[in-house]
Amino acid sequence: MQYGSNASRTALVVVAHHRADSLTAHIGRRTVAQMAAAGYTVDVLDLNDEGFDPRMTVADQPDWNDREKVYSTEVGAHMHRLLAAERVVVVFPVYWASLPALLKGWIDRVWNYGFAYGRSTPRLAGKRILWLGLAGATADDPAIEAMQAMLDNQLNDSIAFYCGFSSSTVGLLPDAEERPQSVTPEGELLVGEAISGAKRDAHYTGFEGVAADFVTAFLTSEPAPVAALP
Ligand SMILES: Cc1cc2nc3c(=O)[nH]c(=O)nc-3n(C[C@H](O)[C@H](O)[C@H](O)COP(=O)(O)O)c2cc1C
């Protein structure tokens, strides 16, 4: 679905959640509205809603001897949507300090050899991407720092920069659960009381604000200059 009408400022917002009433989908919708208000034509890719199958197929498996391989029609259409976007925002719940399978499969199948990587000038070169990851851990959980480092390494270095993006940022959003959770050194999961009333409202207003700040910073930032080759 397309929002906005500015052909020169194009964005793809990818939402990776299986429930339309999830916090992830809610943040996805707010992100789309924020980007459209900033003048972007936004293509919304709701992977679950569009029935994207994350499983790799023979048709979409790379052939290392043929970087011109034509992939499946479905993947070809996703490649066009990615190509058409100057900026990409991906909104997802953090699963096991990583991506949910739905999103991982989209990258596996669509960000393919000969298209996203494997060329001296990758076709995605120069694009900018923001990864908004919602995490159940509370902001003061020591796991957050490690999670940020892992996601930075995986999403910025191993995926986006590998594929030629000129900027990639991981906006980690802790406190995505209503009931605070922590694990004791003995491995027991402690689940606290659900927040309610004014405290709950303030919690979600703050949460939305942090997400919106990441989007604002993303839209106003200039890409870091690409280092000249020696
Ligand atoms: C399979 C699975 C793995 C998860 N792994 C993590 C994790 O590694 N770190 C974390 O902070 N939260 C983790 N969570 C919690 C989710 O990040 C959290 O439930 C989600 O962001 C809440 O947003 P939602 O309501 O949109 O699903 C996990 C949840 C599931 C279901």
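What counts as what
Residues numbered from 1 in each chain as written. Predicted model: local features only at pLDDT ≥ 70, side-chain atom pairs only at ≥ 80, totals over all residues. Heavy atoms only, no water. Near = heavy atom within 4 Å. Polar contact = N/O pair within 3.5 Å; in protein donor to acceptor, adjacent residues only side chain to side chain. Areas by Shrake-Rupley, 256 points an atom, 1.4 Å probe, with all protein chains shown as cover. 1 Å grid on protein atoms, 1.4 Å probe; cavity = no way out; pocket = protein on both sides within 12 Å on 5 of 7 lines; lining within 4 Å. Sits in = over half its atoms within 2 Å of the grid points. Nonpolar A, V, L, I, M, F, W, Y, C, P; charged D, E, K, R; others polar. Phe/Tyr/Trp six-rings, centres within 6.5 Å; stacked < 30°, edge-to-face > 60°. Buried < 20%, exposed > 50% of the residue type's maximum accessible area, 1.4 Å probe, protein only. Points joined across faces, edges and corners; volume = space filled by probe spheres on them. Helix = DSSP H or I, 4+ residues; strand = E, 2+ residues; numbered from the N terminus. Axes fitted to C-alpha atoms, helices over the stretch in contact; angles between N-to-C directions. Parallel < 35°, antiparallel > 145°, perpendicular 65-115°, else oblique. Contact = heavy atoms within 4.5 Å. UniProt positions renumbered as here; feature names shortened; annotations may be inferred. Expected span 1.5 Å × (residues − 1). Arc of directions from axis to C-beta.

Draft legend 1. Fine view of the site of the ligand. In the region of the ligand, 16 residues are neighbours, and His17, Thr24, Trp96, Ala97 and Glu177 sit closest. Between the ligand and His17, the relevant distance is 2.7 Å, taken from an oxygen atom to a side-chain nitrogen or oxygen of the residue. Contacts to the ligand include Trp96, whose backbone N or O atom sits 2.8 Å from a nitrogen atom. Here the ligand loses 72% of its free accessible area of 640 Å² to cover by the protein chains. Counting atoms within 2 Å of the grid points, the majority share of the ligand lands in the largest pocket. Partitioning the shell around the ligand into residue classes produces 11 nonpolar, 4 polar and 1 charged.

Draft legend 2. View of the packing of aromatic side chains. Counted under the stated rule, the structure contains 6 aromatic pairs. Ring centres 6.0 Å apart and planes at 75° place the aromatic pair Trp106 and Trp111 in the edge-to-face group. Trp111 carries the same exposure label as Trp106, and that label is buried. Aromatic side chains Tyr113 and Tyr117 sit 5.7 Å apart centroid to centroid with 45° between the ring planes, which places their arrangement in the tilted category.

Draft legend 3. Summary view of the layout of surface pockets. Here the largest pocket is characterised by a volume of approximately 710 Å³. Forming the boundary of the largest pocket are 27 residues, of which Val94, Ala135, Gly136, Ala137 and Glu177 lie nearest the centre. Where the lining of the largest pocket is concerned, the elements lending two or more residues are α1 (23-37), α4 (143-161) and β7 (181-183). Looking at which element gives the most residues to the lining of the largest pocket, the answer is α4, with 4 residues.

Draft legend 4. The packing of helix α2 (residues 73-84) against helix α3 (residues 101-110), seen in detail. For the pair α2 and α3, interaxial distance at closest approach is 10 Å and the crossing angle is 95°. With respect to α3, the element α2 is oriented roughly perpendicular. Residues Glu74, Val75, His78, Met79 and Leu82 of α2 pack against Trp106, Arg109 and Val110 of α3. Residue composition of the contact of α2 with α3, grouped by class: 5 nonpolar, 1 polar and 2 charged.

Draft legend 5. Broad picture of the UniProt feature "domain: Flavodoxin-like fold" (unreviewed entry) in the protein. Under the feature "domain: Flavodoxin-like fold" (unreviewed entry), the UniProt entry names residues 11-170. The straight-line gap between the two end C-alpha atoms of residues 11-170 is 17 Å; of that span, 35% is helix and 18% is strand.

Draft legend 6. Examining helix α5 (residues 197-220) more closely. Its 24 residues place the ends of α5 35 Å apart at the C-alpha level, agreeing with the 34 Å of an ideal helix rising 1.5 Å per residue. Considered for burial, the residues of α5 that qualify are Tyr204, Phe207, Glu208, Ala211, Val215, Phe218 and Leu219. Buried residues along α5 sit against α1, β4 (87-93), β5 (128-134) and β6 (167-173).

Draft legend 7. Quick peek at the side chain of Ser98. Relative to the assigned elements, Ser98 resides in the loop between β4 and α3. For Ser98, a relative accessible area of 19% puts it in the buried group.

Draft legend 8. View of α2. The end-to-end C-alpha separation of α2 is 17 Å, in line with the 16 Å expected for 12 residues at 1.5 Å each. Of the residues making up α2, those classed as buried are Val75, His78, Met79, Arg81 and Leu82. Projection of α2 onto a plane perpendicular to its axis shows the buried side chains occupying an angular sector of 160°, all on one side. For α2, the exposed residues set more than 90 degrees away from the buried face come down to Thr73, His80 and Ala84. Where α2 is buried, its residues touch β2 (10-15), β3 (41-46), β4 and α3.

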